[in-house]
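Observations on the model geometry
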Amino acid sequence: MGNEGTYPYLLLLWLLPLAGAIVNWAFGPQLKRAAGPLGSAFVGVSFIATVLMWGAATQGVPGGAIGAHQSLFSWIPGFDFGLLMDPLSLLWTLIITGVGFLIHVYSIGYMDGDKAFARFFAYLNFFVFAMLTLVLSDNFVGLLVGWGLVGLASYFLIGFWFFKPSAVAAARKAFVINVAGDVGIMFAIFMIFASVHSIAYGDAFAFTSYPSGWLFAICLCLFIGAAAKSAQIPLHTWLPDAMEGPTPVSALIHAATMVTAGVYLVARCAPLWSHDANAQLLVGTIGALTALVGAILGCGQWDIKRILAYSTMSQIGYMIMGVGVGAYEGGVAHFFTHAFFKAQLFLGSGIIIHALNNEQDVRRMGGLRAKLPFAFWAMLTGVVAISGIPFLGAGFFSKDLIIQGALEHGHPIMYAVGIVTAGITAYYMCRMLFITFLGNYRGNVDPSELGIRHPELAGTPAHEEDDAHESHGRAPAWLMNVPVAILMVPTVLIGWLMFGGENSPWAHFFAQTFPHETMAAPAPVSEMFTAVIVFVCVIIGIAVAWMRYGAAPAAENAVERLRVESVRMPAVLTNAFYFDAALDWIFVRASQLLGTLFGRFLDPQVIDGAVRETVFSAQWLGTLVRSFQTGLMRTYAFLIAIGATIFMIYYALAAGGVK
Amino acid sequence: MLVLALILLPIVVGLIMLVMPSRDENPVLAKSIGTVVAAITFVLALGSKDSEFSYQWLSRPFQAALHFGAGSISYWIVLLLAVCTFSAILATNLPRARAFIGHMLILEGAMMGVFLAKDLLAFALFWDVMLLPVFFVLLGWGEHPATAWRYFVYNFAGGLALLMATAAFGILFGSTDVIGRPDVHVIGAWVPWIFVGFAFAFLVKTPVWPLHTWMPLTYSDTPAPMVAVVSAVQSKAGLYGLIVIGMAFMPDYLKAYGGVFVVLGVISLLYGALTALIQNDAKRVVAYSSLSHLGLIIVAIASFNPIALQGAVIYIIAHGLFSAGIFITLGYVEEREETRSLVRLGGLGASNPKLAGALCIAALAALGLPGLAGFVGEIVILTGVFQAGYTWPAILALIPIVLAAAYMLRLFQGIMNGPQVEDLPVRKDLGWLEGIALAPIVLALVVLGVNPHALTTFDPAAYNATHVNQGVATR
Amino acid sequence: MDPMSVPVADYVGLSAVIFFIGVAGVIVRRNPLIMLMSIELMFNAANLLFIAFSRAWLHNAGHIFAFLIITVAAAEAAIGLAIVVTVFRTARHVDVDDVALMKG
């Protein structure tokens, strides 16, 4: 896999963010406000190194394909580590460092005045390093290392405001669910190592004689990891809660990069998946289900970040469906476009949240178009892109690749689900857009009139935030606006890379990366047809949203309408299909119950009880023997006499007497 | 001779500290002397790799020698012991410091004797000696005398079994000067009993379920610096014994009882993890987590797989480091807040960021975060266990990894995160001396986590792990 | 009369009688002086047997043992009387049932 060699740029781009993390962590108090620019600079230079590495990796490879490999060291024989740069890892690296850099810059403005400013950048840099480890590793254990470390970074950043109990709980939940995923990957590694005796991708993919059933088991276990990290059903429940973290974190980790690691994993292991149709079916189905469920749940949310979180879950569902069924280019393309438009949506929502003093409930927004025109345009381009309006946004191109790919690989049901979900997506994104920006400002309306039952739970309570934010807005506004503006360009345009079918730059880039399956039959409908159907669904979605929230009569009595909708929201939606409750009962409470049984009953009563019984029986024996010990000389004499008599009788009878 | 110095130096200094008249109590001096002795011991330990000492002691009824030397496993454990003792003494802040540090040094010397012994009889004698300081500290500094007696009864029962097994071994084989010799195998009608005697002692000491009930009490009652050393190193004596005695001399019997060991190990893994989930005493959480983690090593040893054994050695060291780190940090917390109840504690991180960082790293290593030493041990062990054909144990052993994340985060977050508790005393953050105490442990965790190559000098083939299942699923 | 005209069995019988009188004395009486005397009786029963068999089998070992026992008995009596005196000094009277310090 790739040209063996020493690549200084590769090491540089990988280790720079780590250096940034260490510097920011160790010298945070001294750096003060310099921590932000410094942390951003490390990632920025890493991005430049990535671009240079891109050039270096194509050197000397026939056909201009990208491939570079550098060995590092080994743990024990069989556990060898190295870095691998191929089209797939290059794509991820570009996003991680590129979009990562923009979000770092944005964070300088967003986090300005926070007490733990340097700590934030240390974590953020650490995350970039961990994510790079994940995508650059040339083996499964290295991937798992990165996998665990991004989970840790995510944990730190979700629980960044660790004085908030809700943030602490959300962080723990995210970490534990992700460890469950790690464990899945770990088991896949066991199976791979037991059969291949190596953990390198190359060896595992080249190996053909896995015992029967093992390939499916390996794919299944890998996918448990992917599902946990990429918020697929039923392991998605941590993602909405993860929005407790600062908004730049949601943009970088919980939208653009980390949560797409599952897509990366499936795409990376494409040679495994291509050999097992059951695994493909499973992953594709879960992806499609997640896309649909995420979209439906997105319709019932009031917290702007939770709407975006469910939309992220749904979009990743698309990607997983794509890579699952074998449309790897499509799934990866959607990762690429999604990274831009979702980062932009989150950063845009961050501008709103920042401007409204940490208000996140869309019911208390409204009419913000006049107040925050830049945010409006940012959100609008993002919504256009995610909804898949033809040619106007990047999402259209990549989403169509996936939907069409599902059909081409023989999964008509997934095809249908993809189309329906596209419509729902357009609906809930426009719903968010219209409620937030159209009509009149409702921030001064009493929360109960808007149907907000627990105002203190609705968003991040402003007063607690004030502890962390000593002063708002010392940093210039352009620090937050410029990254968003830069992101708007790819959000609108980047999709054209995927335009043109076989001859597109996209197809060329990945020409030698993925296994190409020969189709049994050509797809029954053309791409054009699919695009039209999707467009119709999208238009319907937008139209419904417009009628309910955007059109003049709806906008006029918005307060009343929102109150009614809040109150009548079906319990199934407010409880997110009861996934949380189910996981809680099946895993959390069951473990606690067992733990209580063991710790409060079995340990002190039964096991220790058995030991105590042994001790007591020894005591009882002692009491028995003690009763002979009267202390009276005459008793002893009597006992001696009896003993002597018994002895004599025995000697006389049994031993046959004195000869 | 170097190895003899390793054993005698701490013991002699410790005894002198104990018998000195008690009126001139000077904790700073005692701590300095203890730290310096521990540091010297560490330096000596570094150079002890090829050092050996032997003195013929008994010739009847069997040959026995005071024979000491570092083997490929014991070298690392001895280093671990020296590091942990150094850190623990430096972290000591207790009343009657001189006597306490004296006990710590005696404990160190006795454990040096256990791990460096090349003679079974010397091993068994130092085994009993190493129990005494803990017993006396439990009596003198613990909260309940009953705990001390429980520790005493359990471990001396084990010690007695060990001594009897050693004697029987000596009579049967003619010599006890055998540890580290590759040519020694015993067979015969009595060997199963000898094996059971050794195994009982080792399993009580480790401990495994259901012989563990002394352990949570001991770990929560013993002062933090000593429990750091006990959980880090003393608990490894049983595992070390299983490898260098059980596996080396009686492989057939270890293999025959392998199923039992695996079952006990897996039960310990799950039982410890689930129980740790609901403990409210911070030290008990770690105690039960130890039960869980050490169960994994038992499984690794019983699997007879060379990869799992290499993982076991890595994990022995890793567990030593992170459990010492956690206990020392919890000691700091208890010193500051005068409680270790997770119900009472909370929000310390805001005013003690360094303390929070230290506990965080130790807890992360314990829950098997990739990049720290615990993860290496876990994944290498389980890869080997699975390769050896133990599919279900490997699957079941994955559950405690998830549970570990839950209980370790509960521990960390319960102490450090959340809103600050009003009525808890507010004390200074970690001082530089306290930081230095933790530094070597944290450093070693990171270095070994990134590259544990040094630890793999251990060759499982020397311990009869050669004729093992390397193929797939033969069992 | 030749002592050996009395059969050995008679000596054994007499010795047994004396011995059991001694045993009964130790068990029944509470006065330590009487108990010491009863112990002396048991010693002498044994002595009588030693002498009788020594004579019957013409072997000197019995005589030697008899002297040894006389010596031991003397020593025992000395120690016993010393204990009795000590007990009398502390308790002002002597009754073995009152000396039960070794009760478990």
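Within each chain, residues carry numbers counting from 1 in the order of the written sequence. Note on labels: chains are lettered from A, ligands numbered from 1, in written order. Only residues with pLDDT of at least 70 get local features here, since the model is predicted, and only at 80 or more are side-chain atom pairs given and counted; chain-wide, interface and lining totals rely on the full set of residues.

This part takes up the overall build of chain B. Helix and strand content of chain B: 20 helices and two strands. Here the C-alpha atoms of chain B give a radius of gyration of 21 Å, agreeing with the 23 Å that 2.2 N^0.38 yields for 475 residues. A principal-axis box enclosing the C-alpha atoms of chain B has dimensions of 65 × 55 × 40 Å. Counting other C-beta atoms within 10 Å of a residue's own tells you its class, since 20 or more makes it buried, 12 or fewer makes it exposed, and anything in between is partly exposed; those C-beta atoms are placed from the backbone. Buried residues in chain B amount to 65% of all 475 residues. Two residues form a contact once the distance between their C-beta atoms, set from the backbone, is within 7 Å. The long-range share in chain B, meaning contacts at least 24 apart out of those at least 6 apart in sequence, stands at 83%. The secondary structure listing takes helices from DSSP runs of H or I that are at least 4 residues long and strands from runs of E that are at least 2 residues long, numbered from the N terminus. Using C-alpha atoms as the atom set, the radius of gyration is obtained and then compared with a globule rule of 2.2 Å times the number of residues to the power 0.38.

With that out of the way, let us pick up the overall build of chain A. Each helix and strand in chain A was counted, giving 30 helices and three strands. Dimensions of chain A along its principal axes, counting C-alpha atoms only, are 125 × 65 × 55 Å. Within chain A, the proportion of its 659 residues that are buried is 55%. Look at the contacts in chain A between residues 6 or more apart in sequence, and 81% of them connect residues 24 or more apart.

Right, let's talk about the interface of chain C and chain A for a bit. In this complex, chain C contributes ten residues to the contact, which on the side of chain A involves ten residues. Each residue belonging to the side of chain C that touches chain A can be placed in one class, and the counts come to seven nonpolar, one polar and two charged. In the scheme used here, Gly and all other residues not listed as nonpolar or charged are polar, with Ala, Val, Leu, Ile, Met, Phe, Trp, Tyr, Cys and Pro taken as nonpolar and Asp, Glu, Lys and Arg as charged.

Residues and elements named next belong to chain A. Where helix α1 (residues 8-26) contacts helix α5 (residues 117-136), the axes come no closer than 8 Å and their chain directions differ by 155°. One way to sum up the angle between α1 and α5 is to call them roughly antiparallel. α5 is crossed by α1, and the crossing has left-handed handedness. Residues W14, P17, L18, G20, A21, N24 and W25 of α1 lie in contact with α5, whose contacting residues are A118, F121, A122, N125, F126, V128, F129, L132 and L136. The residue makeup of the contact of α1 with α5, split by class, is 13 nonpolar, three polar and no charged. Inter-axis angles, ranging from 0 to 180 degrees, are taken between N-to-C directions of lines fitted to C-alpha atoms, where helices are fitted over the stretch in contact. Angular relationships are summarised with four words: roughly parallel below 35 degrees, roughly antiparallel beyond 145, roughly perpendicular across 65 to 115, and oblique for the angles in between. The sense of a crossing depends on the near helix, which, turned anticlockwise from the far helix by less than a right angle, makes the crossing left-handed and, turned clockwise, makes it right-handed.

On to the packing of helix α3 (residues 74-90) of chain B against helix α20 (residues 432-450) of chain B, then. All names here are of chain B. Close contact between α3 and α20 brings their axes to 8 Å; oriented N to C, the two are set at 160°. With respect to α20, the axis of α3 lies roughly antiparallel. The way α3 lies across α20 gives a crossing that is left-handed. When α3 is examined against α20, the residues V83, S87 and L90 are found in contact with a partner set consisting of L433, I436, A437, L438, P440, I441 and A444. Looking at the contact of α3 with α20 residue by residue, the class counts come to nine nonpolar, one polar and no charged.

Residue and element names in this part refer to chain A. Strand pairing is defined by DSSP finding a minimum of two bridges between the two strands. With respect to topology, three strands assemble into an open sheet ordered β1-β2-β3, the strand pairing being mixed. This sheet does not close on itself; its edge strands, each paired only once, are β1 (3-4) and β3 (80-85). Taken together, the six bridges between strand β2 (residues 68-74) and β3 define a ladder with antiparallel strand orientation. Within β3, the position partnered with S71 by the bridge is G82.

Facing 41 residues of chain B, the contacting portion of chain A comprises 40 residues. Broken down by secondary-structure element, the contributors of at least two residues to the side of chain B that touches chain A are α12 (258-276), α15 (348-351), α17 (373-387), α18 (391-396) and α19 (399-416) of chain B. For the side of chain B that touches chain A, the per-class residue count stands at 26 nonpolar, 15 polar and no charged.

Glancing now at helix α23 (residues 478-493) of chain A. Residues and elements named next belong to chain A. Expected span, for any helix, means 1.5 Å times one less than how many residues it has. With 16 residues, α23 ought to run about 22 Å at 1.5 Å a step, and its terminal C-alpha atoms sit 23 Å apart, in line with that. Listed as buried for α23 are M480, P483, V484, L487, M488, P490, T491 and V492. For α23, the secondary structure elements touched by its buried residues are α4 (87-110), α16 (328-355), α18 (373-387) and α19 (394-408).

This paragraph deals with the pairing of strand β2 (residues 64-69) of chain B. For a regular strand, side chains alternate in direction, first toward one face of the sheet and then toward the other. Residues and elements named next belong to chain B. By the criterion of burial, β2 is predominantly enclosed, with six of the six residues buried. Of the two faces of β2, the one holding A64, L66 and F68 and the one holding A65, H67 and G69 are both buried throughout. Of the pairings in the sheet, the one linking strand β1 (residues 52-58) to β2 comprises six bridges and is antiparallel in character. If you follow S54 over to β2, its bridge partner there is H67.

Before going further, it helps to spend a moment on the environment of A:A422. Note on placement: A:A422 falls in helix α20 (residues 412-437). Between the alpha carbons of A:A422 and A:D400 there is a distance of 9.8 Å; along the sequence they are 22 residues apart.

Moving on to the arrangement of the chains. The chain pair with the greatest number of contacts, out of two pairs of chains in contact, is formed by chains A and B. There is a clear gap between chain B and chain C: no contact, and 23 Å between their nearest C-alpha atoms.

The buried fraction of β3(A) is high, at five of six residues. Here β2(A) folds back onto β3(A), and the loop between the two strands holds five residues, one of which, A:G78, carries a positive phi near 100°.

All names here are of chain B. Mapping L120 onto the fold places it in helix α5 (residues 120-141). For the pair L120 and A167, spaced 47 residues apart in the sequence, the C-alpha separation amounts to 8.9 Å. Setting aside anything within four residues of it in sequence, one finds L120 in contact with T166, F169, G170, T176, V178 and I179.

Turning next to the confidence of the model for chain A. Per-residue confidence for chain A gives a mean pLDDT of 85; residues scoring 70 or more make up 93%. pLDDT: the predictor's confidence for each residue, scored from 0 to 100. Confidence drops under a pLDDT of 50 for residues 457-471 of chain A, and excluding neighbours within four residues, the segment shows 24 contacts in the predicted structure.

Residues and elements named next belong to chain A. The terminal C-alpha atoms of helix α9 (residues 214-229) lie 23 Å apart, and with 16 residues this matches the ideal 22 Å at 1.5 Å per residue to within 8%. Within α9, twelve of the 16 residues are buried, leaving the element largely enclosed by the surrounding structure. What α9 keeps buried is the set L215, I218, C219, C221, L222, F223, I224, G225, A226, A227, A228 and K229. Residues of α9 that are buried make contact with α6 (140-158), α7 (165-196), α12 (261-268), α13 (270-274) and α14 (277-298).

Looking now at unusual backbone geometry. With an omega dihedral of 0°, the bond running from A:I233 to A:P234 counts as a cis peptide bond. By secondary structure assignment, the location of A:P234 is in the loop between α9 and α10 (238-241). Cis geometry marks the peptide bond from B:T206 to B:P207; its omega dihedral reads -15°. One can find B:P207 in the loop between α7 (191-205) and α8 (214-221). In this structure, A:H197 takes a positive phi of about 60° despite not being glycine. Looking at where A:H197 falls in the secondary structure, it is placed in the loop between α7 and α8 (201-206). The exposure class assigned to A:H197 is partly exposed, which follows from the 14 C-beta atoms found within 10 Å.

A few words now on the environment of A:Y415. As for its placement among the helices and strands, A:Y415 is situated in helix α20. Counting along the chain gives 127 residues from A:Y415 to A:I542, while the straight-line C-alpha distance between them is 21 Å.

With that settled, the discussion passes to the confidence of the model for chain B. Looking at chain B as a whole, the pLDDT averages 88, with 96% of positions reaching at least 70. In this model residues 465-475 of chain B is a low-confidence stretch, pLDDT under 50, and it forms 24 contacts with partners more than four residues away in sequence or in other chains.

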